[in-house]
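Examination of the molecular architecture
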Amino acid sequence: MRKFFVVSLSFMIVAVLFACNGTTIDPDPDPDPDNDDPVETYDPRSLVPERCDYLENIDDWQPVWCDEFDEDGLPNPDLWGYDVGTGIGGWGNLEQQFYTRERLDNVFIEDGILHIQANKEDYQGSQYTSARLTTKYRGDWLYGRVQVKAKMPSGTGLWPAIWMLPTDVVYGTWPASGEIDIMEYVGYDPGIIHGTIHTGAYNHGMNTDIGFSRSLPTVEDEFHLYEMIWEPGKIDLFVDGDRFAQFRYNPDLNVNIANSDAWPFDQRFHLLLNVAVGGTWGGQRGIDDSIFPQAMEVEYVRVYQKDYAGLTEDPPSQVGGVVIQDRTFDSIRFKWDHAEHDVMVKAYNIYVDGVKVGSTTLNAYRVHNLDPNQDYVIGIEAVDFKGQVSPMRNTAATTEPLRTIFGRIQAEDYDAQVGVRVQQTQDEGGGQNVTGIDTNNFIDYILEVPESGTYRIEYRVASADGLGEISLFAGTRFALTVTNVPETGGNQVWTTITSEPFELEAGVFTFRIRASEGGFNLNYFEFIKVDD
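1. Brief notes about the packing of aromatic side chains
For the structure on display, the rule yields 23 aromatic pairs. Arranged with centres 6.4 Å apart and planes meeting at 45 degrees, the rings of Phe334 and Tyr365 form a pair that is tilted. In this pair, Phe334 sits in strand β21 (residues 332-337) while Tyr365 sits in strand β24 (residues 364-367), placing the two residues 31 residues apart along the sequence. Ring centres of Tyr445 and Phe525 lie 4.8 Å apart, and the angle between their planes is 70 degrees; this geometry places the pair in the edge-to-face category. Taken together, the positions of Tyr445 in strand β31 (residues 442-449) and Phe525 in strand β38 (residues 520-529) put the pair 80 residues apart, joining distant regions of the chain. Phe525 matches Tyr445 in its accessibility class, with the two residues each being buried. Here a set of aromatic residues connected by ring pairs shows up, and it is made of Tyr143, Trp230, Trp263, Phe265, Phe269, Tyr308 and Phe385. Over the face of the ring belonging to Tyr524 we find Arg408, whose NZ or CZ atom lies 3.8 Å from the ring centre. Taking NZ or CZ as reference, Arg512 lies 3.5 Å from the ring centre of Phe442, over its face.

2. Side note on the sheet that holds strand β34 (residues 481-484)
As a general point, the strands of a sheet are linked pairwise by backbone hydrogen bonds and lie either parallel or antiparallel. With respect to topology, five strands assemble into an open sheet ordered β28-β31-β37-β33-β34, the strand pairing being antiparallel. Strand pairing shows two members of the sheet lacking a second neighbour, β28 (416-418) and β34, which therefore form its edges. Ignoring which end each strand starts from, the neighbouring axes of this sheet average 25 degrees apart. By the bridge criterion, eight bridges tie β31 to strand β37 (residues 507-517) in an arrangement that is antiparallel. Within the sheet, the bridge partner assigned to Tyr445 lies in β37 and is Phe511.

3. Some remarks on the state of the cysteines
The bond known as a disulfide is covalent and runs between the sulfur atoms of two cysteines. In total, this model carries one disulfide according to the counting rule given. Between the sulfur of Cys52 and that of Cys66 lies a disulfide, 2.1 Å long from S to S. Handedness here is read from the sign of the S-S torsion; for Cys52 and Cys66, about -110 degrees, the answer is left-handed. Here Cys66 lies in strand β1 (residues 62-67) and Cys52 lies in the segment before β1, a separation of 14 residues in the sequence. For Cys66, a relative accessible area of 4% puts it in the buried group.

4. Some words on the pairing of β37
In the sheet, strand β33 (residues 469-474) pairs with β37 via six bridges, with the strands oriented antiparallel. Of the residues in β37, the one forming a bridge with Leu472 is Ile513.

5. A closer look at the confidence of the model for the protein chain
Summing up the model confidence of the protein chain, the mean pLDDT is 92 and the portion of residues at 70 or higher is 92%. For the stretch residues 2-31, pLDDT sits under 50, and the model shows 134 contacts to residues farther than four places along the chain or on other chains.

6. Regarding the pattern of salt bridges
The tally for this structure, following the rule as stated, stands at 21 salt bridges. In this structure, the salt-bridge partner of Glu297 is Lys151, at a minimum N-O distance of 3.8 Å. In this pair, Glu297 sits in strand β19 (residues 294-305) while Lys151 sits in strand β10 (residues 144-151), placing the two residues 146 residues apart along the sequence. In this structure, Asp236 and Arg248 form a salt bridge, with 2.9 Å as the shortest nitrogen-oxygen distance. Of this pair, Asp236 sits in strand β16 (residues 234-239) while Arg248 sits in strand β17 (residues 242-248), and the two are twelve residues apart along the sequence. A single network of salt bridges, built from pairs that share partners, joins Arg103, Asp105 and Glu121.

About the criteria used
- Residues numbered from 1 in each chain as written.
- Predicted model: local features only at pLDDT ≥ 70, side-chain atom pairs only at ≥ 80, totals over all residues.
- Heavy atoms only, no water.
- Phe/Tyr/Trp six-rings, centres within 6.5 Å; stacked < 30°, edge-to-face > 60°.
- Helix = DSSP H or I, 4+ residues; strand = E, 2+ residues; numbered from the N terminus.
- Buried < 20%, exposed > 50% of the residue type's maximum accessible area, 1.4 Å probe, protein only.
- Lys NZ or Arg CZ within 6 Å of the ring centre and 35° of its normal.
- Pairing = 2+ DSSP bridges.
- Axes fitted to C-alpha atoms, helices over the stretch in contact; angles between N-to-C directions.
- Disulfide = S-S within 2.5 Å.
- pLDDT = per-residue confidence, 0-100.
- Contact = heavy atoms within 4.5 Å.
- Salt bridge = Lys/Arg side-chain N within 4 Å of Asp/Glu carboxyl O.

In structure tokens:
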């Protein structure tokens, strides 16, 4: 449950896999009448556990997890666990409540309804209590259809949510491994629900949130069905059967973003239900202490999945539309059109010169660790949940030559950076310059030194205060040279400065330009070989 920001459809995002059990469809129930071997037939209820057997399928969706809250008291411990602790120190959103464990004052079932109740009371150093239920290790799913029928609490300062987190944190801590907010609600903004997704590249910490809002005037007065449908490559959110949020991966908007940073939703997730008090979003307009107690009420939670392997008959088609999007001296980024399939493609295997180098659920990939100025054959094959493979699609591609230190190098053409950004420049020739260079920020460039010898480096800089100092490194912890940046009269008033001479050996190095004192802009630089 994280802070919600913008609404946009031109998002990003990806797909994944979930190996379902079940037997396969036999298109001919008796292809050989002389063969007495038993014929396997598709079982449309192969995924359904006994305790969910009372639920009907929804088309091909089979009920795999359910709770109708039909026994008074605490929630079923086989289905629900608890996150326990203070919101101020434990959850990252500056929430004011203390989440308790198995405390009937905060969570209870009565007359077939689950209540998650927030109270105003002193408890373990907090002024409010509530509960945060989780299905982690009790219900973890990769793809599925989640349904929660619920009614929201009322009052300024409340922040209830129905959401999902990754179970295994494969790609790193939040937000790298993702978050799915099926429904969030803040009490100070009544009648508006929100749905969003957080990833390494798209999150509120970077002001890049992607989310959707929907007017729902009776959200506090009536039970509504909040639903998520998550399949490879897409996540859709619904309220009462109407879709209000749609997320897809766009390879053209993520050329320089790692697949997992754009769409980490190819791992199993678990469900959370909670009512927060205050926090960075829910508490933006304070907390009205007169409203307590307040509870989110839940009539049922149901989770459905498809037997993708059992449903499929034909292998995927060959992919098409392969386009090389970007090349560097050691990597090639490419995209393709999704393969056609009768059910669902599970993943795409990537080959370089006939050797498998990776797999992705997206329709784009960047191959790394290649040699400069080298021809390669990129192969792509689609795989379905049954293990059937498409014909290979091969495409020729060539890496860029390695850049040398000779010639002007634009500052914005870095290979890595920490702390800086790019802006349009007013320097001669136009283009862009690097700005926001504060103390200890750095910019890295991978360059080849063709000849050993003595060199100087010229920097094109602008500075309003003259406090800058540039340290140049070449793969070692010791600076090759340190150069002072003078005051130029403004952040877009440019001059050229030259370093003291230094020695370089022939070879390939990561040159680091580090601001040992910040406060300047950099447009370009150039190495000058000193005559013997």
